[in-house]
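Now for the letters of each chain:
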Amino acid sequence: MQFDAIVPTVADRVAQEVARRYLEPILEPVFHADSYGYRPGKSATDAVRMARERCWRRDWVLDLDIKGFFDSIDWELILKAVRHHTDCPWVRLYIERWLKAPVQMEDGSVVPRTAGTPQGGVISPLLANLFLHYAFDAWMMRTFAHIPFERYADDIICHCKSAEEARALWGAIADRFAVCRLVLHPQKTKMVYCKDVNRRGDFPNVHFDFLGFQFRPRKIMWMKSDRRIFAHSFQPAASPKALTRISREIRSWALHHRSDKSLNELVRMYNPCIRGWITYYSHFYRTQLRPTLKRIDAYVIRWARRKFKRMRHRTKGARDWFDRLRRANPTLFAHWTLCHGNGRTSGAV
């Protein structure tokens, strides 16, 4: 087997998958209930939903950012954890080899590594979870059992009742991570006030990002005795960074240059990606997606002007064509129901 590159060979990936399948049933019962990343039966959506509920109950969040986590994992500590859970010689041997494999650069030179897990390794997420289980999860249960948290790989948020509690926790976690050879990013780690209609006071941080969602005060509406009631609630929605990434991907499609494709071919090409975005981000405040996904429509109109000669110099004609198409086929593109449908969408969904 080759261990001279940070990206494993096919043979290594197969062997790592065998080791992962051996270890996962052993480690799963040990892991914390609020560890959500790369675990069977758990998802990022579960973590976001739990974070939303706890933000409603507690005033403060400590948003943790571990500096270069996957490159900082201490080998001896992770191997100690592996040895604690298995005495299988080949699992121990191969995990140590995978961890310590040097990096092969583009010019062919080989650079030794001193810490971290191999990028692209099938077993790397499981090892990262095992490391943080002991570095953070189990330590929190022993030391701060009254403070709930959600962790998805190295993305961690903790829920505190007061600024003082959050500040004390920050210091304690920094000390704990130093023991485990980890460092909190001094600028990206922050305390956040979960401001809503019932919480008073002005604080510098009233939003944070978690798993592609931004949590912040948002206006919501509900009906009470035939009256519309508006208020602010601390809610997640697709983050500005996530929407920017989606916009860049839409632009990279260059859909308007695909005049060699039919409309149905475009639908087959892009609907799976559009559905994926909607499926993930529609769980919370789905209307946040609309302006970004509507940009696809502008590209479809530009495509039509290139595709059909009669529309090349008729901007209004292309728009009229698009409106007729959408009304006649309201589900053709996956985002049309969300962006143009008549159904109401609650911000609290």
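Parameters at a glance
Residues numbered from 1 in each chain as written. Predicted model: local features only at pLDDT ≥ 70, side-chain atom pairs only at ≥ 80, totals over all residues. Heavy atoms only, no water. Helix = DSSP H or I, 4+ residues; strand = E, 2+ residues; numbered from the N terminus. Buried < 20%, exposed > 50% of the residue type's maximum accessible area, 1.4 Å probe, protein only. Contact = heavy atoms within 4.5 Å. Areas by Shrake-Rupley, 256 points an atom, 1.4 Å probe, with all protein chains shown as cover. Lys, Arg positive; Asp, Glu negative; His and termini not counted. Charge placed at Lys NZ, Arg CZ, Asp CG, Glu CD. Pairing = 2+ DSSP bridges. Axes fitted to C-alpha atoms, helices over the stretch in contact; angles between N-to-C directions. Patch = residues over 30% accessible without salt bridge, like charges linked within 9 Å, V, L, I, M, F, W, Y side chains within 5 Å. Salt bridge = Lys/Arg side-chain N within 4 Å of Asp/Glu carboxyl O. Phe/Tyr/Trp six-rings, centres within 6.5 Å; stacked < 30°, edge-to-face > 60°.

What about the overall build of the protein?
And step 1. Secondary structure assignment for the protein yields 13 helices and 9 strands.
And step 2. Referenced to the eigenvectors of the C-alpha coordinate spread, the extents of the protein come out at roughly 70 × 55 × 35 Å.
And step 3. Across the 349 residues that make up the protein, the buried fraction comes to 49%.
And step 4. Here the analysis covers contacts within the protein between residues at least 6 apart in sequence; of these, 67% occur between residues at least 24 apart.
And step 5. Roughly 18,100 Å² of accessible area belongs to the protein as shown, and the carbon and sulfur atoms make up 52% of that amount.
And step 6. Counting 60 positive and 35 negative side-chain charges, the protein places the averaged centre of each group 11 Å from the other.

Regarding the sheet that holds strand β6 (residues 190-193)
And step 1. One open sheet holds the 4 strands; their spatial order is β4-β5-β1-β6, and the pairing between them is antiparallel. The open sheet terminates on both sides in strands that have one partner only, identified here as β4 (149-152) and β6. Here the strands of the sheet are splayed against their neighbours by 20° on average, with no regard to which way each runs.
And step 2. As defined by bridge partners, strand β1 (residues 60-64) adjoins strand β5 (residues 155-160) across 5 bridges and the pair is classed as antiparallel. Following the sheet pairing, Leu62 is matched in β5 by Cys158.
And step 3. The sheet contacts of helix α2 (residues 44-57) involve β1, β4 and β5, and relative to β4 the element is tilted by about 160°.
And step 4. Where helix α6 (residues 124-143) meets the sheet, its contacts fall on β1, β4 and β5, and the angle it forms with β4 comes to roughly 175°.

Observations concerning a positive patch on the surface
And step 1. On the surface, Arg310, Arg314, Arg324 and Arg327 cluster together into a positively charged patch.
And step 2. Relative to the helices and strands, Arg324 resides in helix α12 (residues 315-328).

Points about the packing of aromatic side chains
And step 1. Using the criterion set out here, one finds 26 aromatic pairs in the structure.
And step 2. For the pair Phe136 and Phe149, a centre-to-centre distance of 5.0 Å together with 80° between the ring planes defines the contact as edge-to-face. Note that Phe136 is positioned in helix α6 and Phe149 in strand β4, a separation of 13 residues in sequence. The pair Phe136 / Phe149 is uniform in exposure class, with both members buried.
And step 3. Look at Trp303 and Trp321: their rings are 6.3 Å apart centre to centre, the planes differ by 40°, and that puts the pair in the tilted class. Separated by 18 residues along the polypeptide, Trp303 in helix α11 (residues 295-307) and Trp321 in helix α12 bring together distant segments of the chain.
And step 4. Assessed through its relative accessible area of 1%, Trp303 is described here as buried.

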